[in-house]
Amino acid sequence: MSKYHKEIERRRTFAIISHPDAGKTTLTEKFLLFGGAIQVAGAVKSNKIKKHATSDFMEIERQRGISVATSVMSFEYNGILINLLDTPGHKDFAEDTYRTLTAVDSVILVVDSVNGVEDQTRRLMEVCRMRDTPVIVFINKMDRDGKNRFDLLEEIEKELKISLHPMSWPINSGKDFKGVYNLHDKNLLLFSANTKANEEDSLAISDVNDPVLNQLLGDTDAAQLREDVELVETVHGQLQIEEYLAGKIAPVFFGSAINNFGVKEMLDTFIGIAPTPRSRETTARKVDVEEDKLSGFVFKIHANLDPKHRDRIAFFRVCSGRFERNKYFHHVRLDKDVRFSNPYSFMARDKSIIEDAYAGDVVGLFDTGNFKIGDTLTEGEDFYFTGIPSFSPEIFKEVVNKDPMKTKQLEKGLMQLTDEGVAQLFTQFGGNKKIIGCVGELQFEVIQYRLLHEYGASVVFNSLPFFKACWLTSNDPKKLEDFGRFKQANIAEDKDGHMVYLGQSEWFLNTERANNPDIEFHFTSEIH
Ligand code: GDP
């Protein structure tokens, strides 16, 4: 057992994920209130981009640059140290969210009871499934007239391909919403709007047959609840924690974040069952979370858009050992030893310099261009953590240099911005046409703006008729080489020299796959 065992045991590192507007920001805020990290509601700013406009994004990023605190929020609750990692809500920044999911040990997924499963919910869950991340589902907005709860659960199970296990059961919804019955503790939580953080008291009842239910809920609702509970218990039985930890079963809570209803109940369960930091695979071996030596990786790089402070902050997730201020660690890719005199930790709205950090923690490291996503720090050993994905972009544009005098600056800018993970850079095969691939339009505007303001390089983009990039591999190098030659117009190299096929449409892609059975087309690539 590690000498840091106690520290590891008391940490829970997770993210709240949802389709925009389901209630992620509201729930985050309630958690922070419980943790005593903030005192008033409204303190957490939504990082949502309301309009599809660069100026909005820039403004938000500028604010965030000054106070990157919203990226990671650490607080204590009942002796447990909670690291809550924020994820961008806007779909154009989905890649950032996906990568943040590689740095957490579990997630809470918020589903809007009215809208059910939405686009982003689906995509986010795909990433969770890839990594078998344990998921707790919070069905929010029960104070609104939502879908029938049985239908909703069925929809979630089917659409998200995960089995659910209700932990509580709602009594009506909308204006008739009366509260939830806790199936596990067998008590009743009566709904009242705007519950204060410390006032969520449940009513003890012996079980669902307790006649007091009739007094509290009325005969009809009490009867309905008994019927529902019987059905739910027959279908779902007891929650098997191992199945939750294996990412196979998701416990479900019903509540209303804005009314702070059902939130404490979930938080209490969360700290009880959510996984502590786990061991992780690397390119060399599995790193045990209990090892004494430091290891960890950079999963996000945050540029500071304030022109007066052109630094970046690399977010480093500690996977084992102890991170210490001013101690030399081994930067594997650069093969050099580096130390940090001002590492940050993030306590809700402030960032402060820390002396040390343990597995599960996220440390903010000042960076002047030494880091890229996926970089590893160790105490000497060479390896990279695996499973940090790059997803296929969906929009592709050629970079056209408007100012040949600034070619060097442009190249540097492109390299650095793509190191941050805002976009992917491809070079067309056999030529030197630079192609940028992004998930959303907004990123092109951001890149154009940043190239000009940070690097003095002026560019325009030419749209290209591609819709997906597939990374190509084959057991037969000759086949790959021939394919590259025949399909030159569709072939490019990513930044690491891997060959990719740029497909114009699903039809072309499927045709090429069918015609080339010896070549594998991958929609994601692992950074290592
Ligand atoms: P995010 O985009 O997922 O971060 O969602 P927000 O937390 O910003 O919430 C989106 C909107 O839903 C806001 O107007 C919230 O006030 C509202 N909202 C959040 N929770 C609830 C709830 O439990 N009931 C109702 N009726 N509205 C809610």
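Residues numbered from 1 in each chain as written. Predicted model: local features only at pLDDT ≥ 70, side-chain atom pairs only at ≥ 80, totals over all residues.

For clarity, the cut-off: UniProt positions are given in the numbering used here, feature names are shortened, and annotations may be inferred rather than shown by experiment.
Per an unreviewed UniProt entry, the recorded name for the protein is Peptide chain release factor 3, and the organism is Terrimonas ginsenosidimutans. Here is the UniProt Sequence similarities (unreviewed entry) comment for the protein, exactly as written: "Belongs to the TRAFAC class translation factor GTPase superfamily. Classic translation factor GTPase family. PrfC subfamily." UniProt lists a comment for the protein under the heading Function (unreviewed entry), and it reads "Increases the formation of ribosomal termination complexes and stimulates activities of RF-1 and RF-2. It binds guanine nucleotides and has strong preference for UGA stop codons. It may interact directly with the ribosome. The stimulation of RF-1 and RF-2 is significantly reduced by GTP and GDP, but not by GMP."

## Describing the overall build of the protein
The line we're drawing: To qualify as a helix, a DSSP run of H or I must reach at least 4 residues; to qualify as a strand, a run of E must reach at least 2; elements of each kind are numbered from the N terminus. In this scheme the burial state of a residue depends on its C-beta neighbours within 10 Å: 20 or more other such atoms mean buried, 12 or fewer mean exposed, and anything in between means partly exposed; the C-beta positions come from the backbone. By the convention adopted here, residues are in contact when the distance between their C-beta atoms, placed from the backbone, does not exceed 7 Å.
Tallying secondary structure elements over the protein gives 14 helices and 33 strands in all. Taking all 528 residues of the protein together, 44% fall into the buried category. Within the protein, contacts between residues at least 6 apart in sequence are counted, and of these 72% link residues at least 24 apart.

## Side note on the nonpolar core
Selection criterion: One nonpolar core equals one set of buried Ala, Val, Leu, Ile, Met, Phe, Trp, Tyr and Cys residues connected by C-beta atoms within 7 Å.
Of all hydrophobic cores here, the largest spans 127 residues; its most connected members are Val107 and Val137. Tallying contributions element by element places strand E15 (residues 312-320) first for this core, with 6 residues. Non-local contacts of Val137, meaning those with residues more than four positions away in its chain, are made with Leu109, Val111, Ile156, Leu164, Ala250 and Val252.

## Quick word on helix H2 (residues 24-34)
Counting buried residues in H2 gives 11 out of 11 residues, a clear majority hidden from the surface. Every buried residue belonging to H2 is among Lys24, Thr25, Thr26, Leu27, Thr28, Glu29, Lys30, Phe31, Leu32, Leu33 and Phe34, and all of these are buried. Close packing links the buried residues of H2 with strand E1 (11-18), strand E2 (72-77), strand E3 (80-85), strand E4 (106-112), strand E5 (135-140) and helix H10 (263-273). Following H2 by one or two positions, Gly36 has its phi on the positive side, about 70°.

## Examining helix H12 (residues 441-455)
Each α-helix winds once per 3.6 residues, and so residues spaced three or four apart point in a common direction. Rule in force here: Expected span, for any helix, means 1.5 Å times one less than how many residues it has. Our arc is simply the arc of the directions from the helix axis toward the C-beta atoms.
Look at H12: 21 Å from first C-alpha to last across 15 residues, which is about the 21 Å you get at 1.5 Å a residue. Taken as a whole, H12 has its buried residues at Gln443, Phe444, Val446, Ile447, Arg450 and Leu451. On an axial view of H12, the arc spanned by its buried residues comes to 160°, and they lie on one face.

## Some details on the site of the ligand
Quick reminder of the rule: Residues are classed as near a molecule or strand if the C-beta position derived from their backbone is within 6 Å of it.
The full set close to the ligand counts 19 residues, and Lys24, Thr25, Thr26, Ser256 and Ile258 are the nearest of them. Counting residues per element, the shell around the ligand draws most heavily on H2, at 3 residues.

## A word on the sheet that holds strand E29 (residues 468-474)
Heads up, the rule is: We treat two strands as partners when DSSP finds at least two bridges between them. Note on geometry: axes are lines fitted to C-alpha atoms, helical ones only across the stretch in contact, with angles between N-to-C directions running from 0 to 180 degrees.
The strand order E28-E25-E27-E26-E30-E31-E29-E32 describes an open sheet built from 8 strands, whose pairing is antiparallel. Strands with a single pairing partner mark the edges of an open sheet, and in this sheet they are strand E28 (459-463) and strand E32 (519-522). The average undirected angle you get between the axes of adjacent strands in this sheet is 40°. Where E29 lies against strand E31 (residues 499-503), 4 bridges are found, and the strand directions are antiparallel.

## Points about the sheet that holds strand E8 (residues 179-182)
Strand order across the open sheet formed by 4 strands is E7-E8-E9-E10, with antiparallel pairing between neighbours. Each of the sheet's edge strands pairs with one partner strand only, and the pair in question is strand E7 (168-171) and strand E10 (203-204). Relative to E7, helix H8 (residues 219-236) is tilted by about 150°, and along the sheet it contacts E7 and E8.

## Remarks on the environment of Asn172
Following the sequence through the fold, Asn172 ends up in the loop between E7 and E8. Owing to 18 C-beta atoms within 10 Å, Asn172 belongs among the partly exposed residues under this scheme. Separated by 52 residues in the primary sequence, Asn172 and Gln224 place their C-alpha atoms 9.3 Å from one another. Beyond its immediate chain neighbours, meaning those up to four positions away, Asn172 contacts Phe177, Lys178 and Asp221.

## Remarks on the pairing of strand E14 (residues 295-303)
Looking along a regular strand, one sees side chains alternate from face to face of the sheet. Where burial is concerned, most of E14 is hidden: 8 out of the 9 residues are buried. Here E14 runs beside E15; their pairing, made up of 8 bridges, is antiparallel. When the sheet's bridge partners are listed, Ala303 is paired in E15 with Arg312.

## A short note on the packing of helix H11 (residues 407-419) against H12
Stated formally: The cut-offs work like this: below 35 degrees is roughly parallel, past 145 is roughly antiparallel, 65 to 115 is roughly perpendicular, and the gaps in between are oblique. It is the rotation of the near helix from the far one that decides the hand of a crossing: anticlockwise by less than a right angle makes it left-handed, clockwise makes it right-handed.
One can describe the packing of H11 onto H12 by two numbers: an axis separation of 10 Å at closest approach and a directional angle of 125°. Here H11 is positioned oblique relative to H12, judged by the angle of their axes. At the point where H11 passes H12, the crossing takes the right-handed sense. Two secondary-structure elements touch here, H11 through Gln409, Leu410, Lys412, Gly413 and Leu417 and H12 through Ile447, Arg450, Leu451, Glu454 and Tyr455.

## Considering the confidence of the model for the protein
Operational definition: For every residue, the predictor reports its confidence as pLDDT, a number between 0 and 100.
Taken over all residues, the pLDDT of the protein has a mean of 87, while the share at 70 or more is 89%. Here the predicted complex carries an ipTM of 0.99, next to a pTM of 0.87.

## Describing the environment of Phe138
Along the chain, Phe138 falls in strand E5. For Phe138 and Leu27, which are 111 residues apart along the polypeptide, the C-alpha to C-alpha distance reads 9.5 Å. Leaving out residues up to four positions away in the same chain, Phe138 has contacts with Leu27, Ile108, Val110, Phe253, Gly255 and Met266.

## Here we look at unusual backbone geometry
Even without a glycine there, the phi angle at Asn172 is positive, about 65°. Positive phi values are uncommon outside glycine, yet Asp335 reaches one of about 50°. Positionally, Asp335 belongs in the loop between strand E17 (329-331) and strand E18 (336-338). Classification of Asp335 as exposed rests on a count of 8 C-beta atoms within 10 Å.

## What to know about the pairing of E29
The pairing of E29 with E32 spans 4 bridges and is antiparallel. Bridge pairing links Leu472 to Phe521 in E32.

## Structural notes on the packing of H2 against H10
For clarity, the threshold we go by: Under the scheme applied here, ten amino acids are nonpolar (Ala, Val, Leu, Ile, Met, Phe, Trp, Tyr, Cys and Pro), four are charged (Asp, Glu, Lys and Arg), and all others, including Gly, are polar.
Where H2 meets H10, the closest approach of the two axes is 10 Å, and the angle between their N-to-C directions is 70°. Relative to H10, the element H2 is oriented roughly perpendicular. The residues of H10 that touch H2, namely those facing Leu27, Lys30, Phe31 and Phe34, are Val263, Lys264 and Leu267. Split by residue class, the contact of H2 with H10 holds 5 nonpolar, no polar and 2 charged.

## Here's the deal with the environment of Ile171
In this fold, Ile171 is placed in strand E7. Sequence-distant contacts of Ile171, defined by excluding residues within four places in its chain, comprise Lys178, Gly179, Val180, Tyr181, Leu217, Asp221 and Leu225.

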